[in-house]
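Single-letter residue listing:
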Amino acid sequence: MNRKPVVVLPDSLINVIAAGEVIERPASVEKELLENSLDAGADRIVVQLQDGGRRMISVEDNGSGMSEQDALMAIERHATSKIAEQGDLNQIRTLGFRGEALPSIAAVGRFVMETWDGSAPSGTRLVMDSGKLVKVEACGRPRGTSVNLRGIFSKIPARRKFLKSRETEISWCLRAVEDLAFAYPEVHFEVHSERGVVLSFPPVAGIRERIAAVWGAESAHRLAGLHWNDGDVEITGFLSSPSETYPRRSRHQVLVNGRPVRDPSLNRAISSALANRYPPGRFPALVLSVGLPPDKVDVNVHPSKREVRIRDLQRISAALREIIGSLSFTGQHPGKAVDPSARVSGPDRGPAPVRSPSSGDLRAGDGTTAYGGAVDVGLPLKIDRRVLGQHLGTYIIVQDGEELWLIDQHAAHERVVYNRLMELRERGGGHSQKLLIPELVELSGSEVNNLLSKRKILESFGFEIEEFGGNEVRLLAVPAAVSGQNAGALLKSVAADLAEIPDLPDEIGLLISRWACKMSVTAGRSLSVAEMERLVSDLNKAQAGYACPHGRPTHAIITPEELEKLFDRR
Ligand code: ADP
Ligand code: MG
């Protein structure tokens, strides 16, 4: 092979490569710029987005600003004012320290930075194009800094094609603000798009007030507060009760020394602390702020500083177990879903929202089954198949000719609902059940944005939603297959799923299986014989009925031979 000589890469190329690590989409530009503004002590930060940040994204702050000299240094690689020597790495109190963000951002588009530190006669404007400095000039502006990036990846098609739709990119950008907003309640954040102000978090006194701005006042009100301090470690948190949980960590905000992290080992510690109180596989809404001496945390383990390494994680795990174990939630009904969307209606809010029947409610006499089945008759059971009963509120015992069947009612119903939803979708939906009274569902700004942008897909399942303004959507209809369920809670968990899956079409099967799970009869609920017969018959007709969509078996069969073996008859 014709081998080329070894060369040191030019800076411009190095920056593009480095940008690959930290700059993935407009929201990552935004995150880095927000961090810089917060490190500069700003208490008001305004983000502007055009075409979801794909055409333009800018972040403006009223922080310390920079001198011309500093501004010119700041766009160099590995240039930072936040650390100077190795020991400083153990004492990091700022969000940034790697000195990589500005050059990386400047490498991927047309970059303009304006800044004034309040002392020089005028401010400084730097213009860069694909990492090359094009112009340095004086400019007038109030103290602080604005950074503006146009045409992200326009000269890097390989990256550009990974950008998603405008709405998806906006959702990511909103989420990035929400993430940091919990850590900085005293800072005013605002996001503007072509449509005007899309998010506004005025300064507030503390985390709970900020949670109210992000997730809605009612959600915030229901969270239990916790606090723990042993001199070294301080933990402050807010979390929802075991009756209000989510299928993913979409409302899981962990802060370590004011830095939002999604750290697998910390998440594991939190999950194990939650395990005794919360249903398996479900997560509370939670904001947990952990404060530690800076030398107990290594933040230099991940390019975008998302993960941290905590020395003595054991101690934090133990503390979490203790405080979460001793929390008491008022008004909690274990195992019974409380309607998270029920709310007090105010003036001018349209028809009063209703509390839909909870998933435990039996509906009788209308030809539907309690597990949310649509009105159809279904095949009669085979003459020699008989439901014998239910065991542990979880397993249905069926006699099928000579065989004994044990059916896992939850897995079986999951399969049935999943197939029904898939079928609905393939038929183009249309089977939708109008709610008698539309329900207002309170969500976060990024969730609202996401739901509305996926409205077509949701409609194909029979959901009908409408913009309501602020943090709310109005739910008008739900898939007929699930009309007996708690509609608002269902939409919330759908929103939680969508929040983490930008590429919906590929993941649709996975999503539906989660929704099916959410809508299914849970284990531990007693069913009438008619309901059980109906479920067994539905399962019998279901394609791939042997397993639930997650791959768990729906039933086990005990043959006469196996019975004989059990009793030493053979
Ligand atoms: P880092 O934040 O890791 O230091 P950056 O490339 O993000 O690296 O920024 C480089 C330097 O530029 C920072 O250390 C800081 O001194 C300065 N800087 C960047 N953004 C701002 C801002 N918005 N206000 C004041 N100074 C800033
Ligand atoms: Mg930075």
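Residues numbered from 1 in each chain as written. Chains lettered and ligands numbered in written order. Predicted model: local features only at pLDDT ≥ 70, side-chain atom pairs only at ≥ 80, totals over all residues. Heavy atoms only, no water.

### Some thoughts on the overall build of the protein
When its secondary structure is counted, the protein shows 17 helices and 24 strands. Taken over 570 residues, the protein has a buried fraction of 52%. Restricting to contacts in the protein with at least 6 residues of sequence separation, those with at least 24 account for 70%. (Helix = DSSP H or I, 4+ residues; strand = E, 2+ residues; numbered from the N terminus. Buried < 20%, exposed > 50% of the residue type's maximum accessible area, 1.4 Å probe, protein only. Contact = heavy atoms within 4.5 Å.)

### Quick word on helix H7 (residues 207–215)
The set of residues buried in H7 consists of Ile-207, Arg-210, Ile-211, Val-214 and Trp-215. Around the axis of H7, the buried residues are gathered within 110 degrees of arc, so they sit on the same side. (Arc of directions from axis to C-beta.)

### Side note on the pairing of strand E6 (residues 144–150)
Most of E6 is tucked away, with six of its seven residues classed as buried. Examined bridge by bridge, strand E2 (residues 56–61) and E6 share six bridges and lie antiparallel to one another. Among the inter-strand pairings, Ser-58 is bridged to a residue of E6, identified as Asn-148. Judged from the seven bridges that link them, strand E3 (residues 110–116) and E6 form a sheet pairing that is antiparallel. Residue pairing in the sheet places Val-112 in a bridge with Asn-148 of E6. (Pairing = 2+ DSSP bridges.)

### A few points about unusual backbone geometry
You will see that Asp-312, though not glycine, has its phi angle at about 70 degrees, which is positive. Within the fold, Asp-312 resides in the loop between strand E17 (309–310) and helix H10 (313–325). We classify Asp-312 as partly exposed; its relative accessible area is 38%. One non-glycine residue, Leu-392, lies in positive phi territory at about 55 degrees. Residue class for Leu-392 comes out exposed when judged on its relative accessible area of 62%.

### Points about the sheet that holds strand E4 (residues 123–129)
The eight strands are arranged E5-E4-E3-E6-E2-E1-E7-E8 in an open sheet whose pairing can be described as mixed. Here the strands that pair on one side only, and so sit at the sheet edges, are strand E5 (132–139) and strand E8 (196–201). Put simply, the sheet's adjacent strands are angled 10 degrees from each other on average, direction ignored. (Axes fitted to C-alpha atoms, helices over the stretch in contact; angles between N-to-C directions.)

### Regarding the site of ligand 1
In the vicinity of ligand 1, 20 residues are found, and the nearest of them are Asn-36, Thr-80, Ser-81, Lys-82 and Gly-99. Note that an oxygen atom of ligand 1 is positioned 2.9 Å from one of the backbone N or O atoms of Leu-102. Calculation on ligand 1 without its partners gives an accessible area of 530 Å², and the protein chains cover 92% of this total. Examining the composition of the shell around ligand 1, we find that three residues originate from one element, helix H4 (residues 101–107), more than from any other. Here the shell around ligand 1 is built from residues that sort into eight nonpolar, eight polar and four charged. (Near = heavy atom within 4 Å. Polar contact = N/O pair within 3.5 Å; in protein donor to acceptor, adjacent residues only side chain to side chain. Areas by Shrake-Rupley, 256 points an atom, 1.4 Å probe, with all protein chains shown as cover. Nonpolar A, V, L, I, M, F, W, Y, C, P; charged D, E, K, R; others polar.)

### A few points about the side chain of Arg-282
Take Arg-282: it is sitting in the loop between helix H9 (264–274) and strand E14 (283–284). One polar contact links the side chain of Arg-282 to the main-chain carbonyl oxygen of Thr-245, over a distance of 2.9 Å. Every residue in contact with Arg-282, bar those within four places of it in the chain, is listed here: Thr-245, Tyr-246, Pro-247 and Lys-518.

### Section: the confidence of the model for the protein
Across the protein, pLDDT averages 82, with 86% of residues at or above 70. Overall, residues 331–383 carries pLDDT values under 50, and its contacts beyond four positions in sequence, including any with other chains, amount to 103 contacts. (pLDDT = per-residue confidence, 0-100.)

### Description of the packing of H9 against H10
At a minimum axis separation of 8 Å, H9 and H10 run at an interaxial angle of 30 degrees. With respect to their mutual orientation, H9 and H10 come out roughly parallel. The two elements H9 and H10 cross, and the hand of that crossing is right-handed. Together, Ser-265, Leu-266, Ala-269, Ile-270, Ser-272, Ala-273 and Leu-274 of H9 and Leu-313, Ser-317, Leu-320, Arg-321 and Ile-324 of H10 make up the contact between the two elements. Of the residues contributing to the contact of H9 with H10, the split by class is eight nonpolar, three polar and one charged. (Parallel < 35°, antiparallel > 145°, perpendicular 65-115°, else oblique. Left-handed = near helix turned anticlockwise from the far one by under 90°.)

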